Amino acid sequence: FDSYAEALKGCSVDSEELGKWVFNSILEDGYGFADNLLQQMKSPLGDKGLDTVEKLAMNMLDEKLKQPSQEKIKHSFEPYDYTRSILKRILTDIAEIQNDDKKHLKILEMFLGDGSYSYLELAEKLVSIGLKEEAIKRLEEGVSKFSDRRDTRLDEMLSKLYEKQGDIKNAFKQEWIRFKTRQDSYERVKHLARKIGNWEKVHEDIIQELKKTNSRLLIDLYIEDGAINKAISEVRTSCYGWDSELKTARAAENKYTDDSIFFYKRIASMFIDQKNNNSYKEARKVINKIKGLYDKLKDIAGWTEYINQIRKFHKPKKNLIKELGRLQ
């Protein structure tokens, strides 16, 4: 495509025919090879060729709009349609090439029925041309229309725009909705709650929310707060995964050494059970950590009993026994 576009620059071409070829090439491409074809061909296409592509796209889109699917009739939104998405990209690309913001916005408006993400695209374009108030209105509309099935990035963008306006309460409200769905915006929720001045209450609300789902973020939160005993209790009684056990074991080493040893032993067993040389090496590293903690407690008997049990129970695993011989 690059070579063809370069060659065409020095030729006399039929812009209309080239427009038809470009349109069909983009439409029939299923691998992304033609994603940038309009940009590549904008010089040889010229205004006439771009008009041809736009006309073909609009005609095909009009035909599709005349045939509403049963999904649209039932749910009041368009189901995903690959061809429609390509037509949308063609039309927005042309608007970008022509530097026509009004046309770009008009096209995005046409596709608002496609789903919540379409409102995000429209809002991003509005912000890019300085229309933040209109962007907020559109995001609010999208949030309301897709209250039960929306892209949470709408909430994220709306929250940030509210904050820029100085509307911290609404910024927090929107971010809290997102947090309960995704639980990936803890730092931002904390930031906004501290601005409002109700962080202590929100902090407790977060803990209660995370307890509902056994979220690993709860363990991170306890450790960050220095509430190691609470992290230990949670990890001992619920299934949080070995990574949370490892974090807790590390955090507990100084003040809760016995609990740290308990978790390290579980992690060592997990590596041993994987029964391969790499996992045996990882098990040896963890067991070496356990030895260091027993030394810290001056519990020679405890260490001796543990390592002897490991060697006895896993005696058939020769490569593991070999690794244990490398303990420091």
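Our subject in this report is the structure included herewith. Because the structure is a prediction, the values reported are computed rather than measured.

Moving on to the overall build of the protein. Within the protein, the regular secondary structure consists of 19 helices and zero strands. In terms of overall size, the protein is more extended than a compact globule, its C-alpha atoms giving a radius of gyration of 30 Å where 328 residues would be expected to give roughly 20 Å. Buried positions account for 42% of the 328 residues belonging to the protein. Within the protein, contacts between residues at least 6 apart in sequence are counted, and of these 54% link residues at least 24 apart. Accessible surface, the protein as shown: approximately 18600 Å² in total, 47% of it carbon and sulfur. Considering the protein, the positive charge centre built from 60 side chains and the negative charge centre built from 56 side chains are found 8 Å apart.

Enumeration over the complete set of coordinates arrives at 32 salt bridges. Arg-266 serves as the salt-bridge partner of Glu-245, at 2.7 Å between the closest nitrogen and oxygen. In this pair, Glu-245 is assigned in helix 15 (residues 242-252) and Arg-266 in helix 16 (residues 257-273), connecting sequence segments 21 residues apart. Glu-245 sits in the buried class, given a relative accessible area of 13%.

On the surface, Phe-1, Tyr-4, Trp-21, Tyr-31 and Phe-33 cluster together into a nonpolar patch covering about 620 Å² of accessible area. Note on placement: Tyr-4 falls in helix 1 (residues 2-8). Classification of Tyr-4 as partly exposed rests on a relative accessible area of 38%.

Looking now at the nonpolar core. Counting residues in hydrophobic clusters, the biggest one holds 67 residues, and the most contacted among them are Ile-206, Ile-287 and Ile-290. Residues contacting Ile-290, with those up to four places away along its chain left out, are Ile-261, Tyr-264, Lys-265, Ala-268, Trp-303 and Tyr-306. With 23 residues, the next largest nonpolar core counts Leu-8, Ile-26, Leu-38 and Leu-50 among its residues.

A few words now on the packing of helix 17 (residues 277-297) against helix 18 (residues 300-313). Where helix 17 meets helix 18, the axes come as close as 9 Å, and the angle between the chain directions of the two elements is 160°. With respect to each other, helix 17 and helix 18 are oriented roughly antiparallel. Crossing hand, helix 17 versus helix 18: right-handed. On the side of helix 17, the interface is formed by Ile-287, Ile-290, Lys-291 and Tyr-294, while helix 18 contributes Gly-302, Trp-303, Tyr-306 and Ile-307. Across the contact of helix 17 with helix 18, the residue classes break down as six nonpolar, one polar and one charged.

Considering the arrangement of structural elements, one finds Lys-296 in helix 17. Along the chain, Lys-296 and Glu-253 lie 43 residues apart, while their C-alpha atoms are 9.7 Å from each other. Leaving out residues up to four positions away in the same chain, Lys-296 has contacts with Glu-253, Asn-254 and Thr-257. Polar contacts involving the side chain of Lys-296 include one to the main-chain carbonyl oxygen of Glu-253, which spans 2.9 Å.

Right, let's get into helix 12 (residues 199-213). The periodicity of an α-helix, 3.6 residues per turn, causes residues three or four positions apart to be oriented the same way. Compared with an ideal rise of 1.5 Å per residue, which puts 15 residues at 21 Å, helix 12 spans 21 Å between its outermost C-alpha atoms and is within 8% of the ideal. Those residues of helix 12 hidden inside the fold are in contact with helix 10 (168-182), helix 11 (186-196) and helix 13 (216-225).

With that settled, consider the packing of aromatic side chains. Considering all chains together, one arrives at eleven aromatic pairs under this definition. With 5.2 Å between their ring centres and 90° between their planes, Tyr-4 and Trp-21 make a pair best called edge-to-face. With Tyr-4 in helix 1 and Trp-21 in helix 2 (residues 15-28), this pair connects stretches of sequence that are 17 residues apart. For the pair Trp-176 and Phe-179, a centre-to-centre distance of 5.4 Å together with 20° between the ring planes defines the contact as stacked. A residue pair is termed a helical-turn pair when its members lie 3 or 4 positions apart in one helix, as Trp-176 and Phe-179 do in helix 10 at three residues. Its relative accessible area of 0% is what places Phe-179 among the buried residues. The aromatic ring of Phe-262 is capped on one face by Arg-236, whose charged end is 3.8 Å from the ring centroid. The ring of Phe-263 has Arg-236 sitting right over it, with the charged end atom 5.8 Å from the ring centre.

Glancing now at helix 2. Between its first and last C-alpha, helix 2 extends 20 Å over 14 residues, near the 20 Å set by a 1.5 Å rise per residue. All of the buried residues along helix 2 are Ser-15, Leu-18, Gly-19, Val-22, Phe-23, Ser-25 and Ile-26. The buried residues of helix 2 all sit within an arc of 165° when viewed along its axis, so they share a single face. Next to the buried residues of helix 2 lie helix 1, helix 3 (37-65) and helix 5 (82-97). Measuring from the backbone nitrogen of Glu-16 back to the side-chain oxygen at the start of helix 2 gives 3.1 Å, which picks out Asp-14 as the cap.

The rules behind these values
- Residues numbered from 1 in each chain as written.
- Predicted model: local features only at pLDDT ≥ 70, side-chain atom pairs only at ≥ 80, totals over all residues.
- Heavy atoms only, no water.
- Helix = DSSP H or I, 4+ residues; strand = E, 2+ residues; numbered from the N terminus.
- Rg over C-alpha atoms; globule rule 2.2 N^0.38 Å.
- Buried < 20%, exposed > 50% of the residue type's maximum accessible area, 1.4 Å probe, protein only.
- Contact = heavy atoms within 4.5 Å.
- Areas by Shrake-Rupley, 256 points an atom, 1.4 Å probe, with all protein chains shown as cover.
- Lys, Arg positive; Asp, Glu negative; His and termini not counted.
- Charge placed at Lys NZ, Arg CZ, Asp CG, Glu CD.
- Salt bridge = Lys/Arg side-chain N within 4 Å of Asp/Glu carboxyl O.
- Patch = residues over 30% accessible without salt bridge, like charges linked within 9 Å, V, L, I, M, F, W, Y side chains within 5 Å.
- Core = buried A, V, L, I, M, F, W, Y, C linked by side-chain atoms within 4.5 Å.
- Axes fitted to C-alpha atoms, helices over the stretch in contact; angles between N-to-C directions.
- Parallel < 35°, antiparallel > 145°, perpendicular 65-115°, else oblique.
- Left-handed = near helix turned anticlockwise from the far one by under 90°.
- Nonpolar A, V, L, I, M, F, W, Y, C, P; charged D, E, K, R; others polar.
- Polar contact = N/O pair within 3.5 Å; in protein donor to acceptor, adjacent residues only side chain to side chain.
- Expected span 1.5 Å × (residues − 1).
- Phe/Tyr/Trp six-rings, centres within 6.5 Å; stacked < 30°, edge-to-face > 60°.
- Lys NZ or Arg CZ within 6 Å of the ring centre and 35° of its normal.
- Arc of directions from axis to C-beta.

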